[in-house]
Amino acid sequence: MATVDPGAEPGAEPGGDIGQVAEEAPAKVNLALHVTGRRPDGYHLLDSLVVFAGVGDRLTLARAKAASLTIVGAPGLTAGPDNLVLRAASALGLPAAMVLEKRLPVASGIGGGSADAAATLRGLSRLWRRPLPDPEVALTLGADVPVCLSGRPARMRGVGERLDPLPSLPPLWLVLANPGVPVATQAVFAALERRDGAPLPDLPGGWADAAALACWLSATRNDLEPAAIRVAPVIAEVLSALAAQPGALAARMSGSGATCLALFADGGSAAAARAALERAHPGWWVVDAPVLPA
């Protein structure tokens, strides 16, 4: 964790100042997501296998006397006080002029807002040369923010506060597809029929290759998937289209949807699947990307 001289001016570095920093906010992808319970306060308990894709939003931060946010690429997304980037800046009490370039769909189950909040925490800490905040601060912003702050593949449990590193992952590629239908997480949880699922099976010491990981995933699920399909039936069409692609080892919805994923062993197969889906469904958001290493 970074340290700072308490007598130093904010943003000062030996030999100069940090005037601007940029942070990537990679997509958070749930390869598996089990709902294992519900606390008396209404928060759901989860057990999830989380990885990060080599695609995401980008946040640029410049030193300023007050916090401000400009959003590029998402006309419907406002920079109001409820925006997670501004909430993250407020939680740290560190100002910056911030520009968020949105590349991920909004309300899509791949942690766009949470990844942006985590990028804000990292960026402000770098910009003002302050330590990263405690995980408890990240958790106040959302269940996915702590894992996005770590940026490493993890088994995420509880309400997002318990993170365990995954065994070494083999080379993996993803194709992510979203039909352009925002899905509210609250609506999906409201449609959930069971909230007491079994946890993930025990994790092995590692997976020899992508096929071995896909085999292990076949014994897991995304408990939110049936509920999300009831909210947005087009998700079933997305899953079917992904599963039909040559080389697809597994297909599943991520998070609370509507983004779905297909898992591939090589980048060539993933790129071919992405191109085929773009031709067949020109209105969908489709990308191919590697899974980022730890």
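Everything that follows concerns the structure shown earlier in this document.
This part covers unusual backbone geometry. Trans peptide bonds make up the majority, and among non-glycine residues the majority have a negative phi. In this structure, the amide linkage connecting Gly257 to the following residue, Ala258, adopts the cis form with an omega of 10 degrees. With respect to the helices and strands, Ala258 occurs in the loop between β10 (250-253) and β11 (260-264). We note that Arg129 has phi near 55 degrees; this positive angle belongs to a residue other than glycine. Within the fold, Arg129 resides in the loop between α2 (112-127) and α3 (135-141).

Looking now at the pattern of salt bridges. Tallied over the entire structure, the rule returns 17 salt bridges. Across the salt bridge formed by Arg103 and Glu24, the nearest N and O atoms sit 3.5 Å from each other. Here the residue Arg103 occupies a position in the loop between β6 (97-101) and α2, and Glu24 occupies one in strand β3 (residues 20-38), the gap between them amounting to 79 residues. Owing to a relative accessible area of 36%, Arg103 belongs among the partly exposed residues under this scheme. Glu24 sits in the partly exposed class, given a relative accessible area of 37%. For the salt bridge of Asp164 with Arg157, the shortest nitrogen-to-oxygen distance reads 2.5 Å. Assessed through its relative accessible area of 24%, Asp164 is described here as partly exposed. Overlapping salt bridges, with partners in common, bring together Glu24, Arg58, Glu101 and Arg103 in one network.

Bringing the sheet that holds β10 into the picture now. With respect to topology, 4 strands assemble into an open sheet ordered β10-β11-β9-β12, the strand pairing being antiparallel. Because the sheet does not close on itself, it has two edges, and the strands there are β10 and β12 (285-290). Neighbour to neighbour, the strand axes of the sheet diverge by 20 degrees on average, direction disregarded. Sheet topology note: the strand β9 (residues 173-178)/β12 ladder contains 6 bridges and is antiparallel. Residue pairing in the sheet places Leu174 in a bridge with Ala289 of β12.

Ring pairs (aromatic) are described by centroid distance and by the angle formed between their planes. Inspection of every chain in the model, using the stated rule, returns 1 aromatic pair. Taking the centre distance of 5.7 Å and the plane angle of 65 degrees together, the rings of Trp207 and Trp216 count as edge-to-face. On the accessibility criterion, Trp207 (8% relative accessible area) is buried.

Rules of the game
Residues numbered from 1 in each chain as written. Predicted model: local features only at pLDDT ≥ 70, side-chain atom pairs only at ≥ 80, totals over all residues. Heavy atoms only, no water. Helix = DSSP H or I, 4+ residues; strand = E, 2+ residues; numbered from the N terminus. Salt bridge = Lys/Arg side-chain N within 4 Å of Asp/Glu carboxyl O. Buried < 20%, exposed > 50% of the residue type's maximum accessible area, 1.4 Å probe, protein only. Pairing = 2+ DSSP bridges. Axes fitted to C-alpha atoms, helices over the stretch in contact; angles between N-to-C directions. Phe/Tyr/Trp six-rings, centres within 6.5 Å; stacked < 30°, edge-to-face > 60°.

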